[in-house]
Amino acid sequence: MSSITLGRRRRRRARGRAASSRIVICLLASVSSVAAQAAGPLTDSTVLVTAMRQPFHVEEAPFAVEVYNRVDLDRSGAASFLDFLASQTSLTVLPGFGNPNQRLIDMRGFGLESGYQNVVISVDGYRLNDVDSATQFLGNIPLASIERVEIVRGAGGVTGGEGAVAGTINIVTREYNGASVRGHLGSHGQRAGTVSMGQSRERYSFSLDASHDERDGLAQRDSRGQRDENRLDTLNARGRFRPTDWLELRAGISGYDSLAIYREAIPRGLIGSRPTANAGAIGVYNRQDADSTRFTLGFLADLGGGFSLEYDHNDEDKTYAFSSPFAFVSDYRYGSDRALLRWSEGRLNLMAGYDNLRGRRDGFAAIEKDTRGVFGQAVLRLGSTTLSAGLRRERIDYAYADSATRLADEERLTLWDAGINHRIDGRFNVFASYARGAQSPDIDRFFTFNPVTFEQTFNGLINPARSDTLSTGVRYAYDGTRLDVTGFYSRVRDEIYGVSVAPPLFFVNTNLDRTHKYGAEVQWVQALGESVQGRLGYTWTQAVIDQESADPATGQPAIRDRDLPGVPRHGLTLSLDWRVDAATRLNATHVYRSSAFAIGDFDNNGLRQRPYQFTNLLLSRQIDSRWQAFAAVDNLFEERNGLYTSEGRSAFPSDYTRLWRFGVRADF
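Residues numbered from 1 in each chain as written. Predicted model: local features only at pLDDT ≥ 70, side-chain atom pairs only at ≥ 80, totals over all residues. Heavy atoms only, no water.

On to the overall build of the chain. Along its length, the chain carries 6 helices and 39 strands. Across the 668 residues that make up the chain, the buried fraction comes to 56%. Within the chain, contacts between residues separated by at least 24 positions form 63% of all contacts whose residues are at least 6 apart in sequence. (Helix = DSSP H or I, 4+ residues; strand = E, 2+ residues; numbered from the N terminus. Buried < 20%, exposed > 50% of the residue type's maximum accessible area, 1.4 Å probe, protein only. Contact = heavy atoms within 4.5 Å.)

So, in structure tokens, the structure goes:
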């Protein structure tokens, strides 16, 4: 690359940093002017964050975190949990290459291609990450069953394990005391319903959720006359029982059955002009049938003297059946155990733990991955200062076997983090954290898939990725105002990625030798009078490939000083909740993600992901103490969005059609 081109790139980056800095400064200035006039009690002081398996109040947490509670979920008007993540949080979320139930998630600049593997997602402590390259299946979590969503950025590896390089997402389910029924009908055959019920008492509780969600096709029929469609049925039951004051027993069962029929990629030029076209290379829709059943058992015992012991065991059977243009079935079996010993005495809290996740997938080949970790964590509260530190030692054993290849290996990883939070006064807190994270490769990464012959070829062992992340920020909370501003810097070695080589559509899995990421994050909630509340989320992220050596064996060229593909520089989420009168609410949400280089465009040669944006509206009316009616419009301005790849200049359409729905909710 010429010095002139490099100079232009540096000037563009400098202008981008300057513009982003001005945006953040303006936001801070405007918030300060509003906050200076505020008076009243601290907000959200009772909200707990449990993603680190040690409870923190939001204000004292020594790490960057977003928390969304039950009120936020209800106000959002989202049709599903996946829609909530995409429209209400700082995450970049898109359907996984067309599949609406398996979303690509990017946090802190790891990109849409592999970002989801750098985030550990759990439900009530159960890890959802798969042993292979499949994305986490989140479509089976009914929005009505969630009590709280915690997004921890830049930390979580000590308790979450390998994979929490960008952070963790912890989903906490709720206990019911009564019953709730909700449902909606809408355009393009939208039909959904959820029944939730339960009872909560001092000695016991039980909760049950059952849901059905489906949608007819949005696009043209394929060459066989088939429409794209989506259907999902779920059942979740959980309970606890306290036979004595010192012992709590708990158990649960959950399952889902889903069908997703979705398009392959179409020429990128059609996204704007004809996004419903069935113009892929093959012309036949993909189909995925998925089902899962999971059982959980556990207990919590108060041992006296400040000690408590917690244990959980999970077993899951899961099947993914994929067809068109070729067919294969993947059968999964998971087993996990987690034990935590806690001690608390005044200002000091100590925790020691062990967890083990055993995963196996049978399909093209037999894949096994066995992860065992031991860890410890300490939290010390000294007046207005909270200190935390943790250490984890993890061993990963994995094996691959097919008719021609046998592969076995192991990795030993050390992860740690340390953080501090200091309360300056009743309004301001400052915090900082430093975390060493790691991501072990899934076994799929050792092999290259040939899309012409449908064969797998061994492309070499992949090193685990290792990261060092520094996050620092300030929190302000007072009288209807809540502001979190965080800056971060992350240095990554051997970041795991797929890199395209000749011939087209052929790629190898590799380690990017050295990369780094830095940016700023703003979370601002503001009461605008007695009846209006606004929420703003802004992220500015820069992800850079420092160096990737050439590989003559595969034809992979050297990569140096390039932007990582699939990482938008700017992300903005705006929402406004207006209580029109005592019974009526109006909620408006707008999401914007700036342009980025398309997936696979490591040369940064101009193949770009177009800006992603959409606007949603929700109007709800409380009819009486039990019944509520609502109407919603998604993608109000019918933006033409999609996931862009550099191969064949193709794209997967998503969120390109205006959708409306009407529904009711009843609470008993």
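Another aspect to go through is the sheet that holds strand β6 (residues 119-123). Strand order in the open sheet formed by 5 strands is β3-β8-β9-β6-β7, with mixed pairing between adjacent strands. Of all the strands in the sheet, just β3 (64-69) and β7 (126-127) have a single pairing partner and so form its edges. Strand direction decides the pairing type here: β6 and β7, joined by 2 bridges, are antiparallel. Across the sheet, the residue bridging to Val123 is Tyr126, located in β7. (Pairing = 2+ DSSP bridges.)

Quick look at the pairing of strand β38 (residues 650-653) now. Across the two faces of β38 the burial is the same, with Ser650 and Phe652 and Ala651 and Pro653 all buried. Examined bridge by bridge, strand β15 (residues 266-267) and β38 share 2 bridges and lie antiparallel to one another. Residue pairing in the sheet places Pro267 in a bridge with Ser650 of β38. The sheet contact formed by strand β37 (residues 642-644) and β38 spans 3 bridges and is antiparallel. Opposite Tyr644, over in β38, you have Ala651 as the bridge partner.

One open sheet holds the 3 strands; their spatial order is β15-β38-β37, and the pairing between them is antiparallel. A strand with exactly one partner marks an edge of an open sheet, and here the two such strands are β15 and β37.

Further remarks concern unusual backbone geometry. Trans is the common state for peptide bonds, and a negative phi is the common state for residues other than glycine. Positive phi, close to 45 degrees, is recorded for Asp479, a residue that is not glycine. If you trace the backbone, Asp479 turns up in the loop between β26 (465-478) and β27 (481-501). Assessed through its relative accessible area of 34%, Asp479 is described here as partly exposed. For Glu638, which is not glycine, the phi torsion reads 50 degrees and is therefore positive.

With respect to the helices and strands, Arg268 occurs in the loop between β15 and α6 (270-273). One buried charge, Arg268, has no salt-bridge partner; the nearest side chain with opposite charge is Asp601, at 7.8 Å. Sequence-distant contacts of Arg268, defined by excluding residues within four places in its chain, comprise Ala598, Leu607, Arg608, Tyr644, Thr645, Arg649, Ser650 and Ala651. (Lys, Arg positive; Asp, Glu negative; His and termini not counted. Salt bridge = Lys/Arg side-chain N within 4 Å of Asp/Glu carboxyl O.)

This brings us to the nonpolar core. Phe81, Leu138 and Ile169 are the most contacted members of the largest nonpolar core, which has 54 residues in total. For this core, the secondary structure elements donating two or more residues are α3 (81-88), β6, β8 (146-153), β9 (167-173), β18 (328-345), β21 (385-401), β22 (406-423) and β27. Per-element accounting of this core gives the leading share, 5 residues, to α3. Dropping the residues within four chain positions of it, Leu138 is found in contact with Phe81, Leu82, Leu85, Asn101, Ile105, Ile121 and Leu128. (Core = buried A, V, L, I, M, F, W, Y, C linked by side-chain atoms within 4.5 Å.)

So, about a nonpolar patch on the surface. A contiguous nonpolar surface patch, about 610 Å² in accessible area, is contributed by Val181, Val195, Met197, Ile623, Trp627, Val664 and Phe668. Within the secondary structure, Ile623 is located in the loop between β35 (612-622) and β36 (627-634). Judged by relative accessible area, which is 57%, Ile623 ranks as exposed. (Patch = residues over 30% accessible without salt bridge, like charges linked within 9 Å, V, L, I, M, F, W, Y side chains within 5 Å. Areas by Shrake-Rupley, 256 points an atom, 1.4 Å probe, with all protein chains shown as cover.)

Okay, the environment of Met351 next. Assignment of secondary structure puts Met351 in strand β19 (residues 348-362). Relative accessible area serves as the criterion here: at 3%, Met351 is assigned to the buried category. A sequence separation of 11 residues divides Met351 from Leu340, and the C-alpha atoms of the two residues are 6.8 Å apart.

Now for the packing of aromatic side chains. Summed over the entire model, instances satisfying the criterion amount to 16 aromatic pairs. Residues Tyr320 and Tyr332 carry aromatic rings whose centres are separated by 5.3 Å and whose planes lie at 65 degrees to one another, so their mutual orientation is edge-to-face. Of this pair, Tyr320 sits in strand β17 (residues 307-323) while Tyr332 sits in strand β18; the two residues are 12 residues apart in sequence, bridging distant segments of the chain. Classification of Tyr320 by relative accessible area gives buried; the value is 5%. Taken together, the ring pairs connect Phe137, Tyr256, Tyr320, Tyr332 and Tyr334 into an aromatic cluster. Seen from the ring of Phe110, Lys517 lies directly overhead, with NZ or CZ sitting 4.4 Å from the centre. (Phe/Tyr/Trp six-rings, centres within 6.5 Å; stacked < 30°, edge-to-face > 60°. Lys NZ or Arg CZ within 6 Å of the ring centre and 35° of its normal.)

Let's shift gears to the pairing of β18. Where β17 and β18 come together, 16 bridges link them in antiparallel fashion. Counted as the bridge partner of Thr319 is Asp331 from β18. With 15 bridges joining them, β18 and β19 adopt antiparallel strand pairing. Its bridge partner lying in β19, Ala339 is registered against Tyr354. Connecting β18 to the antiparallel partner β19 that follows it, the hairpin turn spans 2 residues, and Gly346 within it adopts a positive phi of roughly 65 degrees.

Moving on, we come to the pattern of salt bridges. Following the criterion strictly, the structure yields 55 salt bridges and no others. Between Glu310 and Arg338 there is a salt bridge, with its nearest N and O atoms 3.8 Å apart. Of this pair, Glu310 sits in strand β17 while Arg338 sits in strand β18, placing them 28 residues apart in sequence. In this pair, the class of Glu310 matches that of Arg338, namely buried. Between Arg621 and Asp581 there is a salt bridge, with its nearest N and O atoms 3.4 Å apart. Note that Arg621 is positioned in strand β35 and Asp581 in the loop between β31 (570-579) and β32 (584-593), a separation of 40 residues in sequence.

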